[in-house]
Amino acid sequence: MQFVDVSLPGGPAREYEVVLGIELPNGVADDLVRWQGAQRWAVITDTRVGPLYGEPLVQALRELGGEAQCLEFPAGERSKTRETVADLQDQLIDLGYGRDSWVIAVGGGVVGDVAGFVAATLFRGIPCVQVPTTLLAMVDSSVGGKTGVDTSAGKNLVGAFLQPRRVLIDFGTLSSLPRTEIASGMAEVIKYGVILDADLFESLEGELLEATLTGSEAALSRIVARSCDLKATVVSLDETEGGYRQILNFGHTVGHAIETVQGYGMRHGEAVAIGMVVEARLASQKIGAPADLADRIASVCARAGLSTQLPPGCSADDIVKAAFHDKKVRRGEIRCALPNTLGTMSVWNGEYGIPVKAEELMASLLP
Ligand SMILES: NC(=O)c1ccc[n+]([C@@H]2O[C@H](COP(=O)([O-])OP(=O)(O)OC[C@H]3O[C@@H](n4cnc5c(N)ncnc54)[C@H](O)[C@@H]3O)[C@@H](O)[C@H]2O)c1
Ligand SMILES: [Zn+2]
């Protein structure tokens, strides 16, 4: 097993570990029951992951003497709503859960965000453990404490920060994950390369990408460990996105706008891949980033199986409109985290969110 420490302001009591290479269900149940000391466990998962990993985990917890229940909601981004959260909260209250209970999020980023938000709000906050089962959740959403839901006006508009107590990763769960979902997770890995780690990006331009896509455990554990490490470093420097953490939004201003226009009908990583190429082009046009950066990103994305063309029915106009309704709009300008060059991000007036006008965004959408 490998461990990545996430240290946070407030001292050791708030620190937590990402454990890589633990096994579901028995290794995870053992870790929870022996070391985490809760009285009751609420395993929150979705209808696809529940039968595969959530229900066996509940069984294993019960065999170790723990009290546990499995709560499932319909799989997919369209379930990431206040209604799903309210429904789960009501079920937990009806089942008699209390402040001595812990939430275990078993699933992808949707489950992690929803279950994390339930934990952040129920009884004014109970602990949460993240057990990510998609590549995207392993490399990104399970670490860092952002939780929340979408509304019809935009992505993640309602939410809270709640750092997990522990993140438990079983790479074996990726064997049941469809290839398109692996590709979606690769978008966030490619992002880390662009924003922080030129070596990682260049390795992906080399053989690391195919090795990961074909399921090599060595390649997977390398990219997941490196991604968790990078995310942990960023989060430990800026937990609540006052500044530096904004760099993680590279590709996401446009990506979120595409997701909103598409009515959350496409995968997050697919939207982020398109967003990264558009924003890299913006970085070249606006701040002089290398002209070939957008093409290099597009080429790695294509090899991962990610299209970087705007989806049918999603015009540049729609994206500009949606982006300017996003929560990051200030004084009529949106903020984009933009690379100066491969592996380093640009700072403007001490901020990592660079102000962008509608016409500048439009120009980058129409190459
Ligand atoms: N909180 C954060 O910091 C953060 C960061 C990045 C993304 N996100 C959010 O994460 C979400 C996307 O997460 P995602 O891509 O994991 O999507 P997801 O949770 O919808 O999972 C994708 C699909 O894979 C299925 N699945 C999950 N694990 C499986 C497995 N092991 N085997 C078979 N099927 C499996 C799910 O049921 C779902 O149908 C978005 O809502 C995004 O906004 C949050
Ligand atoms: Zn993302």
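Residues numbered from 1 in each chain as written. Chains lettered and ligands numbered in written order. Predicted model: local features only at pLDDT ≥ 70, side-chain atom pairs only at ≥ 80, totals over all residues. Heavy atoms only, no water.

Draft legend 1. The arrangement of the sheet that holds strand β6 (residues 128–132) in detail. Ordered by their spatial adjacency, seven strands build an open sheet running β1-β2-β9-β6-β5-β3-β4, and the pairing between neighbours is mixed. The sheet is open, and its two borders are formed by β1 (2–6) and β4 (67–73), each paired with just one other strand. The average angle at which neighbouring strand axes cross in this sheet is 20 degrees, direction not considered. (Pairing = 2+ DSSP bridges. Helix = DSSP H or I, 4+ residues; strand = E, 2+ residues; numbered from the N terminus. Axes fitted to C-alpha atoms, helices over the stretch in contact; angles between N-to-C directions.)

Draft legend 2. View of the domain arrangement of the protein. Under the domain assignment used here, the protein contains domain 1 (2–176) and domain 2 (198–365). Computed from C-alpha atoms alone, the centre-to-centre distance between domain 1 and domain 2 is 26 Å. On the side of domain 2, 28 residues touch domain 1, which itself brings 34 residues to the contact. Contact between domain 1 and domain 2 buries roughly 2,500 Å² in total, counting both sides, with carbon and sulfur atoms accounting for 63%. When residues of domain 1 are sorted by the area they lose upon contact with domain 2, V139, K155 and F171 head the list and together hold 22% of the total. There are four salt bridges connecting domain 1 and domain 2. Among the salt bridges present, the one from D140 reaches K231, with a minimum N-O distance of 2.7 Å. In this structure, the connection of domain 1 to domain 2 is made through eleven residue pairs in polar contact (both at pLDDT 80 or more). (Domains from an automatic or database assignment. Contact = heavy atoms within 4.5 Å. Buried area = accessible area lost by both parts, 1.4 Å probe. Salt bridge = Lys/Arg side-chain N within 4 Å of Asp/Glu carboxyl O. Polar contact = N/O pair within 3.5 Å; in protein donor to acceptor, adjacent residues only side chain to side chain.)

Draft legend 3. Expanded view of the environment of P311. Looking at the element boundaries, P311 is found in the loop between α12 (293–304) and α13 (316–323). P311 sits in the buried class, given a relative accessible area of 12%. If we ignore the near neighbours within four places in the chain, the residues touching P311 are I258, Q262, M266 and I274. (Buried < 20%, exposed > 50% of the residue type's maximum accessible area, 1.4 Å probe, protein only.)

Draft legend 4. Quick look at the pattern of salt bridges. The final tally for this structure, using the stated rule, is 23 salt bridges. A salt bridge links E77 to K155; the shortest N-O distance between them is 2.9 Å. You can see E77 sitting in the loop between β4 and α3 (82–94) and its partner K155 sitting in strand β8 (residues 154–161), a full 78 residues away along the chain. Using a relative accessible area of 15% as the deciding quantity, one classes E77 as buried. Taking the relative accessible area as the measure of exposure, K155 reaches 3% and is therefore buried. We note a salt bridge from K146 to E241, for which the minimum N-O separation is 2.4 Å. Taken as a pair, K146 in strand β7 (residues 146–151) and E241 in the loop between α9 (217–237) and α10 (252–261) lie far apart in primary sequence, 95 residues in all.

Draft legend 5. Structural detail: the nonpolar core. The biggest cluster of nonpolar side chains holds 60 residues, and the ones touching the most others in it are V224 and I297. With ten residues, α9 is the largest single contributor of residues to this core. Setting aside its immediate chain neighbours within four residues, V224 contacts L20, L135, M138, V139, I169 and F171. Counting residues in each nonpolar core, the second largest holds 23 residues, with A257, A271, L282 and V320 among its members. (Core = buried A, V, L, I, M, F, W, Y, C linked by side-chain atoms within 4.5 Å.)

Draft legend 6. Spotlight on the packing of aromatic side chains. Scanning the entire structure with this criterion turns up two aromatic pairs. Between the aromatic rings of W41 and W102, the centroid separation amounts to 5.7 Å while the plane-to-plane angle is 70 degrees, which identifies the pairing as edge-to-face. Here W41 is found in strand β3 (residues 40–46), whereas its partner W102 is found in strand β5 (residues 101–107), with 61 residues between them in sequence. The pair formed by W41 and W102 is uniform in burial state, with each residue classed as buried. Where Y244 meets Y352, the ring centres are 5.3 Å apart and the plane angle is 70 degrees; that geometry is what we call edge-to-face. Placement of the pair is Y244 in the loop between α9 and α10 and Y352 in the loop between β12 (344–345) and β13 (354–356), with a sequence separation of 108 residues. For the cation-ring pair, R165 lies above W102, with the distance from its terminal atom to the ring centre recorded as 5.4 Å. One cation-aromatic arrangement involves K191 over Y192; the distance from NZ or CZ to the ring centre is 5.4 Å. (Phe/Tyr/Trp six-rings, centres within 6.5 Å; stacked < 30°, edge-to-face > 60°. Lys NZ or Arg CZ within 6 Å of the ring centre and 35° of its normal.)

Draft legend 7. View of the packing of helix α6 (residues 179–196) against α12. Close contact between α6 and α12 brings their axes to 10 Å; oriented N to C, the two are set at 155 degrees. Classed by the angle they form, the pair α6 and α12 counts as roughly antiparallel. Where α6 crosses over α12, the two elements pack in a sense that is right-handed. Between α6 and α12, the contacting residues are A183, M186, I190 and V194 on the first element and I297, V300, C301 and A304 on the second. Among the residues making up the contact of α6 with α12, the classes are represented as eight nonpolar, no polar and no charged. (Parallel < 35°, antiparallel > 145°, perpendicular 65-115°, else oblique. Left-handed = near helix turned anticlockwise from the far one by under 90°. Nonpolar A, V, L, I, M, F, W, Y, C, P; charged D, E, K, R; others polar.)

Draft legend 8. Local environment of the site of ligand 1. Close to ligand 1 lie 27 residues, the nearest being E77, T133, T134, K155 and S176. Here an oxygen atom of ligand 1 and a side-chain polar atom of K80 are 2.9 Å apart. Interatomic distance of 2.8 Å between a side-chain N/O atom of S176 and a nitrogen atom of ligand 1. Taking 870 Å² as the accessible area of ligand 1 by itself, protein coverage stands at 93%. When residues of the shell around ligand 1 are traced back to their parent elements, those giving at least two are α2 (49–63), α4 (109–121), α5 (135–141), β8 and α6. (Near = heavy atom within 4 Å. Areas by Shrake-Rupley, 256 points an atom, 1.4 Å probe, with all protein chains shown as cover.)

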